[in-house]
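So you can see what is in the structure, the chains are spelled out below.
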Amino acid sequence: MSTSYPFVSEQKLSDKLVSGAFLGNFKTAFKKITLRKCLLKLHLYISLWLGTLIVIAGLTGSLLVYEHTLDKWLNADMMSVAVGERWLPIADLVAIANRVSPIPEPPSHLQMPEDPSEALIVRYQAAAMPGHKGHNHHFHEVMVNPYSGQVLGDRDRNDALMTFILRLHFSLLAGDFGKLVMGITSLLTLVLTVTGIYLWWPKLGKIKQALLIKRNASATRFNFDLHKTTGIYTAIVMLAVAFSGVYFNLPQFFKPAVNFFSPLEEMPRGIKSTANGGTVIQPEIVKANIQATYPGIQIQRIFLPVGERGSYMISARQSDELRSKGSTSFWVDQYDGAILAVRDPKKFNAGNAFINLQLPLHNGEILGTPGRIAVLVAGFAPLVMMVTGLIHWLKKRKANRARRASLKAAAI
């Protein structure tokens, strides 16, 4: 005996039952979706898609923390000198470098030694790289012993190992496209780190356990503990490095955001000397005048005047600056030595001061030697986390497949 429903055919009733079952299953599945599961998937997919790029950025970044030290060590024959009593005139050293430089134009600037045991580096502007846009930082370098005038060697700076590592870190050796890719990678590394912190966050009673690797644990548990502890102990450093990495690779988005809160003041351009056609003063005089006005200042680069109206541009570091590559700049008249303009980081507004902090934040020198060591160590964390995370994911995927296969076999 069949049960009848007024005004409802058997087909419509079947359709409604099927539809109701589908909606019920959908609601059940939807209820199982939690914020944790969503963030876990996001964390996983960012790691799978960009893990290799993050590892490259981390390992190369570790080496770049001590870029100059490593470059000097690798090229000691060209960059190290025996300390003498006094320098030869800088003009004479430049003339010596000009004789061996393959570039006929005058040098762009002089890289001054960081300590008395280093060579003077005379840099010449080389031809721009193919497809290069904007300012060209491609230089040919001639290393000269400032005490004896001996030429120690010369090189295309792009051929140096540390420059290769810098370009790999910054743009994957792929120009503007690589720069964009690494900028997006930095941005998603922020997301990866924040989601990792959320997924790690334990209940109050289990904080100590979450910070340690369990002793005598299984290989699976050790792998998981190594992953989460490596991540949480390097999280703050990773956030700082990734955030500043967004600035270096995506300044076209970063600077307007900062400018919205505090208008940025651009670097002065086109500062001219008086056109009196007099005798050009020597770099030693310019250097001495600045050091007399700013005691304790370290002159790092001297940009030579170009043409009759050009001026000296001096890049320097004051003793209390955070950046090892100083942010203090002077423009000096090439005829009378008058200081035409000064860019002093102590007088930066909030926006410029924030931008100026990005390099010390990126290489750790904002906290001195401990900060540099922290960034160096943290650079290896992405490799550890990618390997341990991949092992954990593969084991979990294998277990899930085995469970589904078992359920399917039981249903037959």
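Parameters and conventions
- Residues numbered from 1 in each chain as written.
- Predicted model: local features only at pLDDT ≥ 70, side-chain atom pairs only at ≥ 80, totals over all residues.
- Heavy atoms only, no water.
- Helix = DSSP H or I, 4+ residues; strand = E, 2+ residues; numbered from the N terminus.
- Polar contact = N/O pair within 3.5 Å; in protein donor to acceptor, adjacent residues only side chain to side chain.
- Contact = heavy atoms within 4.5 Å.
- UniProt positions renumbered as here; feature names shortened; annotations may be inferred.
- Pairing = 2+ DSSP bridges.
- Axes fitted to C-alpha atoms, helices over the stretch in contact; angles between N-to-C directions.
- Core = buried A, V, L, I, M, F, W, Y, C linked by side-chain atoms within 4.5 Å.
- Buried < 20%, exposed > 50% of the residue type's maximum accessible area, 1.4 Å probe, protein only.

**Q** Is there a simple way to think about the side chain of Ser-262 in this case?
**A** Mapped onto the elements, Ser-262 comes out in the loop between α11 (251–261) and α12 (283–293). A polar contact is formed between the side chain of Ser-262 and the backbone nitrogen of Gly-351, at a distance of 2.9 Å. Residue contacts for Ser-262: discarding those within four places in its chain leaves Asn-349, Ala-350 and Gly-351.

**Q** Hey, could you run me through the UniProt feature "transmembrane region" (unreviewed entry) in the chain in this one?
**A** With numbering aligned to this structure, UniProt lists the feature "transmembrane region" (unreviewed entry) at residues 42–66, 180–201, 231–250 and 373–394. The span residues 42–66 shows a helical share of 92% and a strand share of 0%, and its end C-alpha atoms are spaced 34 Å apart. With 91% helix and 0% strand, residues 373–394 has its two end C-alpha atoms placed 33 Å apart.

**Q** Hey, could you run me through the sheet that holds strand β5 (residues 298–303) in this one?
**A** Within a sheet, adjacent strands bond to each other through the backbone by hydrogen bonds, running parallel or antiparallel. Strand order in this open sheet of eight strands is β4-β3-β2-β1-β5-β6-β7-β8, and the pairing throughout is antiparallel. Every interior strand has two partners, whereas the edge strands, β4 (151–156) and β8 (339–343), have only one. Taken over all neighbouring pairs, the strand axes of this sheet differ in orientation by 25° on average, direction set aside. Examined bridge by bridge, strand β1 (residues 109–111) and β5 share three bridges and lie antiparallel to one another. Its bridge partner being in β5, His-109 is matched across the sheet by Phe-303. Each of β5, β6 (311–317) and β7 (328–333) is contacted by α12, which is oriented at about 45° to β6, the strand it contacts most.

**Q** Can you help me understand the nonpolar core in this one?
**A** Side chains that are nonpolar tend, in soluble globular proteins, to be buried together. With 25 residues, the main nonpolar core has Leu-110, Ile-290, Ile-299, Ile-302, Tyr-312 and Ile-314 as its most contacted residues. Residue assignment for this core shows that the elements contributing at least two residues are α5 (90–100), β2 (120–125), β3 (139–144), α12, β5, β6 and β7. Examining the composition of this core, we find that four residues originate from one element, α5, more than from any other. Apart from residues no more than four positions distant in its own chain, Ile-290 is found in contact with Ile-297, Ile-299, Ile-314, Phe-330 and Val-332. Leu-190, Leu-250, Val-258 and Leu-264 belong to the second-largest nonpolar core, a separate cluster that totals nine residues.

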